[in-house]
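# Examining the three-dimensional arrangement
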Amino acid sequence: MTRSIRPDAVLVQAVIAGALSFAHLHDIAAAAGQDGWKAWAYPISVDLLLVAAWRRLRILRTTGEPTRAAWTWFAVALAASLGANIATAGLLDLTDVPAWLRILVAGWPALAFLGGTLLVHTPATEPDPTPEPTPAAAPAIVPAEMAPEPEPLPDAVEAAEPVPALPAPPPVDVPPALVDHARKLADAHRSATGTPIDADTLRDRLGLPGPMAAQLATQLA
């Protein structure tokens, strides 16, 4: 069965817009004295910084981390792209580029390298490691002569009564840093899905035991 190929209007529009922006950035770089392959490298540098900042921004939103640095570098790359497109609209004489623009174009590689490095190597906030539990004290040994006498066996009627349920295990001690990190994950999960986070999701995301994940989910509900 032959399938017809339909052009995607959004993809075609993106290719056209990207090609025009690429050409405008190349023209500005060439007019500022960056000739040859260097003029073609400037558009690639600007577009890559823009994409890297947007990708980092999406990751930080998912994990609930601060996004100020990613927004800053996204704005820098967007300003460089928009500035080049506007400058080629007849507002700037490309045969007589001012000195300040030559300085900006010449300093862009160092600025883009700094932004890309910070976006890639900025670590995410990790929760503090869980402290080891304090070992419980050994039970005291009671001498045989001081041990209490055994109580008499109950009657047959009393033995037929139901056995009381065992007490619930004591709650797990959850560190405050882990609670704060779990709260960030819960807020991000609620923003993305509209529902509160459950114990299974917390266990998978944080690698916690089942009882601790259940207690965290109860505290965050």
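The next subject is the packing of helix α6 (residues 176–193) against helix α7 (residues 199–206). Two elements in contact, α6 and α7, have axes separated by 11 Å at closest approach and are oriented at 115°. Regarding α6 and α7, the two cross each other, and that crossing is right-handed. In contact with Leu 178, His 181, Ala 182, Leu 185 and His 189 of α6, α7 contributes Thr 201, Leu 202, Arg 205 and Leu 206. Split into classes, the residues belonging to the contact of α6 with α7 amount to five nonpolar, three polar and one charged.

Moving on, we get to the packing of helix α3 (residues 68–91) against helix α4 (residues 99–121). Orientation of α3 relative to α4, taken along the N-to-C sense of each, is 150°, at an axis distance of 10 Å. Overall, the two elements α3 and α4 adopt an arrangement that is roughly antiparallel. At the point where α3 passes α4, the crossing takes the left-handed sense. Where α3 abuts α4, its residues Ala 70, Trp 73, Val 76, Ala 77 and Ala 80 lie against Trp 108, Leu 111, Leu 114, Gly 115, Leu 118 and Leu 119.

A few words on a nonpolar patch on the surface. Taken together, the side chains of Leu 78, Leu 82, Ile 86 and Leu 91 present a nonpolar region at the surface, about 400 Å² in accessible area. Mapped onto the elements, Leu 78 comes out in helix α3.

Below, the discussion takes up α3. Because each turn of an α-helix spans 3.6 residues, side chains separated by three or four positions in sequence point in the same direction. Taking 1.5 Å per residue, 24 residues should reach 34 Å; α3 reaches 32 Å between its end C-alpha atoms and fits that length. Listing the buried residues of α3 in full gives Ala 70, Trp 73, Phe 74, Ala 77, Ser 81, Ala 84 and Ala 87. In this structure, the buried residues of α3 make contact with α1 (9–31), α2 (37–63) and α4.

Membership of the largest hydrophobic core comes to 25 residues, with the highest contact counts inside it found for Ile 28, Leu 49, Val 105, Trp 108 and Leu 119. For this core, the secondary-structure elements that each account for two or more residues are α1, α2, α3 and α4. The element best represented in this core is α2, accounting for eight residues. When neighbours within four sequence positions are excluded, Trp 108 is seen to be in contact with Tyr 42, Ser 45, Val 46, Leu 49, Val 76, Ala 77 and Ala 80. Of all hydrophobic cores here, the second largest spans 10 residues; its members include Leu 178, Leu 202, Met 212 and Ala 213.

Okay, the confidence of the model for the protein next. Looking at the protein as a whole, its pLDDT mean stands at 74, while 71% of the residues score no less than 70. Helix α5 (residues 156–159) is the least confidently modelled element of the protein, averaging 47 in pLDDT, while α2 averages 87, the highest of any element.

So, about the side chain of Ser 21. Following the sequence through the fold, Ser 21 ends up in helix α1. On the basis of relative accessible area, Ser 21 is assigned to the buried category, the value being 12%. At 3.3 Å, the side chain of Ser 21 forms a polar contact with the side chain of Ser 81. Discounting chain neighbours no more than four positions away, the residues touching Ser 21 are Ser 81 and Asn 85.

A full pass over the atoms with the stated rule returns three aromatic pairs. Between Phe 22 and Trp 40, the ring centres sit 6.0 Å apart and the planes meet at 25°, which makes this aromatic pair stacked. Here Phe 22, found in helix α1, pairs with Trp 40, found in helix α2; they are 18 residues apart in sequence, far enough to count as distant. Members of the aromatic cluster, connected to one another through ring pairs, are Trp 54, Trp 71 and Phe 74.

About the cut-offs
- Residues numbered from 1 in each chain as written.
- Predicted model: local features only at pLDDT ≥ 70, side-chain atom pairs only at ≥ 80, totals over all residues.
- Heavy atoms only, no water.
- Axes fitted to C-alpha atoms, helices over the stretch in contact; angles between N-to-C directions.
- Helix = DSSP H or I, 4+ residues; strand = E, 2+ residues; numbered from the N terminus.
- Left-handed = near helix turned anticlockwise from the far one by under 90°.
- Contact = heavy atoms within 4.5 Å.
- Nonpolar A, V, L, I, M, F, W, Y, C, P; charged D, E, K, R; others polar.
- Parallel < 35°, antiparallel > 145°, perpendicular 65-115°, else oblique.
- Patch = residues over 30% accessible without salt bridge, like charges linked within 9 Å, V, L, I, M, F, W, Y side chains within 5 Å.
- Areas by Shrake-Rupley, 256 points an atom, 1.4 Å probe, with all protein chains shown as cover.
- Salt bridge = Lys/Arg side-chain N within 4 Å of Asp/Glu carboxyl O.
- Expected span 1.5 Å × (residues − 1).
- Buried < 20%, exposed > 50% of the residue type's maximum accessible area, 1.4 Å probe, protein only.
- Core = buried A, V, L, I, M, F, W, Y, C linked by side-chain atoms within 4.5 Å.
- pLDDT = per-residue confidence, 0-100.
- Polar contact = N/O pair within 3.5 Å; in protein donor to acceptor, adjacent residues only side chain to side chain.
- Phe/Tyr/Trp six-rings, centres within 6.5 Å; stacked < 30°, edge-to-face > 60°.

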